Amino acid sequence: MEFDVKSGSPAKQRSACIVVAVFEPRKLSAAGEEIDAASAGYLASILRRGDIEGKPGQTLMLHSVPNTLCDRVLLVGCGKERELNESQYRRIISKVVATLQETGSMEAVCFLPELNVKNRDLRWKVRHAVEAASETLYNFDQLKSKKDAARRPLRKLVFNVPARSDLAEGEKAIAEALAVAEGVKFARDLTNLPGNICHPTYLAERAQEMAKANKPLKTTIIDETELKKMGAGAFVAVSQGSDQPGKLIVMEYSGGKNGDAPIVLVGKGITFDTGGISIKPSDGMDEMKFDMGGAASVFGTMTAVLKLALPINVIAVVAAAENMPSGKATRPGDVVTTLSGQTVEILNTDAEGRLVLCDAMTYVERFDPDVVIDIATLTGACVIALGHHTSGLMSNHNPLANDLLEAGETAGDRAWRLPIYDEYQEQLDSNFADMSNLGGRPAGAITAACFLSRFAKKFHWAHLDIAGTAWKSGKAKGATGRPVPLLTQYLLDRAGSKKRKSA
Ligand code: BES
Ligand code: MN
Ligand code: ZN
């Protein structure tokens, strides 16, 4: 799918379809007015008859509108002119793209960047239009023997901007959006793959492939035997029950200066989480193939960083393991020594994410990171707290937390901060080790983060709990690619584009 920007008059566009807004109640946008004038009131007469009211997401496809050079005009309802918010804007774009895909226009010129979205500039509007369009056209059919491709798929979407002087901004917005979209797609593909295909070795191979294809990237794989030797007892305790060997995957991107402290991303990569000996109920357990969504977001973000060639150093670490019950599996009550030297009583083998992450976090101390951000489908409790629209954010450093919250707002991929006050720490007390891996029912998302905070003493750290946002259940079951947009935005901001304060 190709995207472009141009600036021109709607009635003069030679295109299969042009897309213009209708506001509630039955009011044409500026582009709509122009077509109406050219066609001697044709659009106004249709509105008068009441075929489209202008409610958000309503559509009406018109053919052969008089005195235009396009085959079709798609009218799309955008609600009250002054009340359009960010998510409505994205939903409208999504509806437009789905309609174009179904109705056989293989290319189109879209005049929706002229809409007024509260507090957002043109760059934001073009960027989010491209991201929403890519997201809508995503289809995971790798594993279907017959693909049902659209008959006449949408191949090119051009966004019209008000003035020629806006073209440069529009092109930048497209470049950023394409990077985010490619990262999101990669994350979704990886996350959607089932556990029998996407296991730790598979993830390691994908990381090696990426390094081969990209000069500034270096991949190192640390296998389970080495991890054991090194003393990563918590990681090994999770992985040892599986026939699939665990891996710590390290991808180092050097886009910045040699001495620049890296931004480190650590992803939870449990390629399947049965719960281990503390086995999960079987209903819906298939969704635990998504338990490597954090790892996938790290892969996706690296993809975006490479595409944007950001002038910063980023290290992505994936803690990849499968959590299985077996004769070799960890038992509840087992005590293990983590890479940090702290001991953990594993009271529940289903609280495995924090165990692989804690050793990965100790491992990354060697990079002397500027900040460390871990991303994990960590707790069901976070889903109870925040539902499916907002990721949980916990941090030991306020400026980092605020930067991430702001990046999430800009990217339309929001997080909300939860506290990790000291008072919660005692829920992790153990009679037999330095701590237990279980904090009890109250504030489960917070106590999981409190556990991780004990391994983040040496750096600024933030934790994103994406248990509710990494995938959807039900009829639309599948990965979302979140929080690739948030993370990419954070890195874009860090790379200096923040000064422009726009997209
Ligand atoms: N991967 C799960 C968390 C999860 C559960 C994410 C459901 C999305 C939906 C994690 O490994 C887990 O099992 N967490 C336990 C922790 C508990 C045993 C302390 C949980 O949330 O129940
Ligand atoms: Mn678990
Ligand atoms: Zn898990």
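In this section: the coordination of the zinc ion (ligand 3). Reference geometry at the metal: tetrahedral coordination by four donors gives ideal angles of 109.5 degrees; octahedral coordination by six donors gives 90 or 180 degrees. Within the first shell, the zinc ion (ligand 3) binds the protein through K268 (NZ), D273 (OD), D291 (OD) and E352 (OE), at distances of 2.0 to 2.4 Å. The coordination sphere of the zinc ion (ligand 3) comprises 6 donor atoms, whose angles at the metal cover 78 to 173°; the geometry is octahedral. Mapping the donors of the zinc ion (ligand 3) onto the primary sequence yields the spacing K-x4-D-x17-D-x60-E. Between the zinc ion (ligand 3) and the manganese ion (ligand 2), a spacing of 3.2 Å is present, and a bridge between the two is formed by D273. Of this pair, K268 sits in strand β10 (residues 263-273) while D291 sits in the loop between β10 and α9 (293-308), and the two are 23 residues apart along the sequence. Under the relative-accessibility criterion, K268 is labelled buried at 1%. When its relative accessible area of 1% is taken as the criterion, D291 is described as buried.

What follows deals with the sheet that holds strand β12 (residues 334-337). The mixed open sheet is built from 3 strands, whose spatial order is β12-β13-β17. Looking at the sheet topology across the chains shown, the edges are occupied by β12 and β17 (435-436). Note that strand β13 (residues 343-346) and β17 share 2 bridges and pair parallel. Looking at β17, one finds that V344 is bridged to M435.

Mapping S45 onto the fold places it in helix α2 (residues 42-49). A relative accessible area of 19% means that S45 is categorised as buried. In this structure the side chain of S45 is engaged in a polar contact, spanning 2.7 Å, whose partner is the backbone oxygen of Y42.

To continue, consider the pairing of β10. Most of β10 sits inside the fold, with 11 of its 11 residues counted as buried. With respect to chirality, the unit in which β10 leads through α9 into the neighbouring parallel strand β11 (residues 313-323) is right-handed. As paired elements, β10 and strand β14 (residues 371-376) share 5 bridges and run parallel to each other. In the strand pairing of β14, V266 is matched with D374.

Our next topic: the coordination of the manganese ion (ligand 2). Distances from the manganese ion (ligand 2) to its protein donors, D273 (OD), D350 (O), D350 (OD) and E352 (OE), fall at 2.0 to 2.2 Å. Here the manganese ion (ligand 2) is ringed by 6 donor atoms whose angles at the metal span 70 to 166°, and the overall shape comes out irregular. Sequence spacing among the residues donating to the manganese ion (ligand 2) works out to D-x76-D-x1-E. Judged by its relative accessible area of 3%, D273 is buried.

Definitions and cut-offs
- One numbering rule holds for all chains: residues counted from 1, following each sequence as written.
- All chains are assigned letters beginning with A, and all ligands numbers beginning with 1, in the order in which they are written.
- Only residues with pLDDT of at least 70 get local features here, since the model is predicted, and only at 80 or more are side-chain atom pairs given and counted; chain-wide, interface and lining totals rely on the full set of residues.
- Neither water nor hydrogens contribute to the side-chain values; these are computed over all heavy atoms in the structure.
- The donor set covers N, O and S atoms within 2.8 Å of the metal, switching to 3.2 Å for Na, K and Ca, and it leaves out water, so a site may look short of donors.
- Angle rules define the geometry names used: all angles between 85 and 135 degrees makes four donors tetrahedral, while opposite donors over 155 degrees apart and all other angles between 65 and 115 make four donors square planar and six octahedral, leaving every other case irregular.
- Helix and strand definitions follow DSSP, with helices as H or I runs of at least four residues and strands as E runs of at least two, each counted in order from the N terminus.
- For every residue, the accessible area obtained with a 1.4 Å probe (protein chains only) is divided by the maximum for its type, and the residue is called buried under 20%, exposed over 50%, and partly exposed between those limits.
- Two strands are said to pair when DSSP picks up at least two bridges between them.
- Definition of a polar contact: a pair of N or O atoms within 3.5 Å, with one able to donate and the other able to accept a hydrogen when the atoms are protein atoms, and with sequence-neighbouring residues admitted only if both atoms are side-chain atoms.
- When the strands point away from the viewer and the path from the first strand over the helix to the second turns clockwise, the crossover is right-handed.

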